[in-house]
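Chain and residue survey
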Amino acid sequence: MLRRIVSPTSLNITRRVIVSPASAKVRTMASTNAQSQFNQILKSEIDSIKAAGTYKSERVIVSPQNSAIKVAGKDGKVSPQINFCANNYLGLADHPEVIARSKKFLDTHGSGLSSVRFICGTQDIHKDLEKQITKFYGTEDTILYASCFDANAGIFETILTDQDAVISDALNHASIIDGIRLCKAKRFRYKNCDMSDLEARLQEADKAGARLKLIATDGVFSMDGKIAPLDKICDIAEKYNALIFVDDCHSTGFMGPNGRGTAEYFGVQDRVHIVNSTLGKALGGAAGGYTTGCKEMIDLLRNRSRPYLFSNSLPPAVVGSASAALDLIESAKTNGLFDQLWGNTKLFRKLLGDAGFTIKGDNHPISPVMLGDARLASEFADKMLQRGIYVVGFSYPVVPKGEARIRVQISAAHTEDQIRQAADAFIEIGRELGVIGAKSKL
């Protein structure tokens, strides 16, 4: 029940009194001119997003994450969908061993620590996971974060000063951009994967008298599926005595012969100085991130990295799922998953390419189907959902204006039949909406 009580006009305040029939308790909420103005500004901004066709609605999944999921519609009805949106590259998000380890750690170490790490939030399982990641990469030490976004937010401010320079790829993830904004280092930006431009920016940094020069790049660019040429970046870095930082979220666990990411993919693991990555994609899909590198840097991060110092420890269940996923990747059990993932990727890209679609990227499981128009991408994704294929349209500001797309993400959990079903749906809707011609090469 809602009653309105008007206060004296001199205060210019309207109070909304909400009465709960069950408890008869009264909660009073003040609505001032400032609140009304704030609400109107927000509404106007939301209306403009909707008008541009870039408003994002969240779909509700009522099953575990997998290649086959169940999605609740707006009418409440649940429909089966083949999922082509998840970062679940190896299909480990609902793997029995991952779930079992998560449950085990929940039983043995509790739900959470109610503390940050340096107070009373470090358990043996946190140290064990850090050692496990360190061994996986062959580095000296590792520090865990609540997310890779936090790891990126904490790294640059901690290790760089106003005497230093950071040279960042133009298409780096938002978390890298935000992290760099927090530091006082001189900032230079080079064109995406453009080695000539990178070299020019390094020369500028030298002219500016930079003490340290840090090249920052994604290992794989998440909206394009483009792989950074780390071998060439290493050559240039060594020429200009620069350090290399890589955000490897979209390659950890499945790129390279042993799944150790883009550095291993290019054979330059010993030439990359800092790797930030996530536990929330191929490594179990739950949450968490980390920085791995030299011991001195990790020691400094433990003492000065604000996201680490002021965030609760990773929950034991998350630690358990990540440690089990790493065990699976390092064992023979996942060998077939690598082949399945790359085979699925090659098949999907070929089917859509032959049909006339433009697919960006470097034969990576991230396979962006380019559509250009934001409204078209949204409509296309809705029609795919109606055909039992779960995809999402991406548009500005997530990607540049005029470059809207449906970002398809392939998993080792997909069967060949699921890949072909998705391709058939893309082709059918692509013809219906005029994206491709009436006849394809299939």
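From a predicted model like this one, the values you see are computed outputs, not experimental measurements. (Residues numbered from 1 in each chain as written. Predicted model: local features only at pLDDT ≥ 70, side-chain atom pairs only at ≥ 80, totals over all residues. Heavy atoms only, no water.)

Some words on the overall build of the protein
Within the protein, the secondary structure is distributed over 15 helices and 19 strands. Radius of gyration (C-alpha) of the protein: 24 Å, near the 22 Å computed for a compact globule of 442 residues. Principal-axis analysis of the C-alpha atoms places the extent of the protein at approximately 70 × 60 × 50 Å. Expressed as a percentage of its 442 residues, the buried residues of the protein come to 49%. Considering only contacts within the protein whose residues lie at least 6 apart along the sequence, 66% involve residues at least 24 apart. When the accessible surface of the protein is summed, it comes to about 21,200 Å², and 52% of that surface belongs to carbon and sulfur atoms. (Helix = DSSP H or I, 4+ residues; strand = E, 2+ residues; numbered from the N terminus. Rg over C-alpha atoms; globule rule 2.2 N^0.38 Å. Buried < 20%, exposed > 50% of the residue type's maximum accessible area, 1.4 Å probe, protein only. Contact = heavy atoms within 4.5 Å. Areas by Shrake-Rupley, 256 points an atom, 1.4 Å probe, with all protein chains shown as cover.)

Notes on helix α2 (residues 96-109)
Here α2 is 14 residues long and its end C-alpha atoms lie 20 Å apart, about the 20 Å a rise of 1.5 Å per residue gives. Listing the buried residues of α2 in full gives Val98, Ser102 and Phe105. Down the axis of α2, the sector holding all buried residues measures 65°, keeping them to one side. Residues of α2 that are exposed and point more than 90 degrees away from the buried face comprise Pro96, Lys103, Lys104, Asp107 and Thr108. (Expected span 1.5 Å × (residues − 1). Arc of directions from axis to C-beta.)

Description of the pattern of salt bridges
Using the criterion set out here, one finds 25 salt bridges in the structure. Arg387 is paired through a salt bridge with Glu432; the nearest N and O atoms lie 3.2 Å apart. Remark: Glu432 occurs in helix α15 (residues 416-432) and Arg387 occurs in the loop between α14 (374-386) and β17 (389-390); sequence separation between them is 45 residues. A relative accessible area of 43% means that Glu432 is categorised as partly exposed. Note that Glu403 is salt-bridged to Arg405, the shortest N-O span being 3.3 Å. Looking at Arg405, the relative accessible area reads 0%, which means it is buried. (Salt bridge = Lys/Arg side-chain N within 4 Å of Asp/Glu carboxyl O.)

A few points about the sheet that holds strand β8 (residues 165-169)
Here we have 7 strands laid out as an open sheet, ordered β7-β15-β14-β13-β10-β8-β9, and mixed in their pairing. The sheet is open, and its two edges are formed by β7 (141-145) and β9 (186-190), each paired on a single side. On average, each strand axis in the sheet is tilted by 20° relative to the strand beside it, whichever way the strands run. Across the sheet, helix α7 (residues 195-207) is in contact with β8, β9 and β10 (213-218); its angle to β9 comes to roughly 160°. (Pairing = 2+ DSSP bridges. Axes fitted to C-alpha atoms, helices over the stretch in contact; angles between N-to-C directions.)

What about the environment of Ile274?
Turning to its location among the elements, Ile274 is positioned in strand β14 (residues 274-278). On the basis of relative accessible area, Ile274 is assigned to the buried category, the value being 4%. Here the alpha-carbon distance between Ile274 and Gly293, two residues 19 residues apart in the chain, equals 5.1 Å. Setting aside chain neighbours within four positions, we find Ile274 in contact with Ile155, Ile159, Leu214, Ile244, Phe245, Val246, Thr291, Thr292 and Met297.

Some points on α15
Taking 1.5 Å as the rise per residue, α15 with 17 residues should run 24 Å; its terminal C-alpha atoms sit 24 Å apart, in good agreement. Among all positions of α15, only Gln418, Ile419, Ala422, Ala423, Ala425, Phe426, Ile427, Ile429 and Gly430 are buried. Of the residues trailing α15, Gly434 is marked for its positive phi of about 75°.

Focus: the sheet that holds strand β16 (residues 366-372)
What the 3 strands build is an open sheet, ordered β16-β19-β18; its pairing is antiparallel. Edge strands, defined here as strands with exactly one partner in the open sheet, are β16 and β18 (393-394). Pairing analysis gives 6 bridges linking β16 to strand β19 (residues 404-409), with the strands arranged antiparallel. Note that in β19 the partner of Val369 across the bridge is Ile406. In the packing of helix α13 (residues 335-355) onto the sheet, contacts are made with β16 and β19, and the angle to β16 comes to roughly 20°. Across the sheet, α14 lies against β16, β18 and β19, angled at about 35° from β19, the strand it touches most.

These figures capture arrangement, not role.
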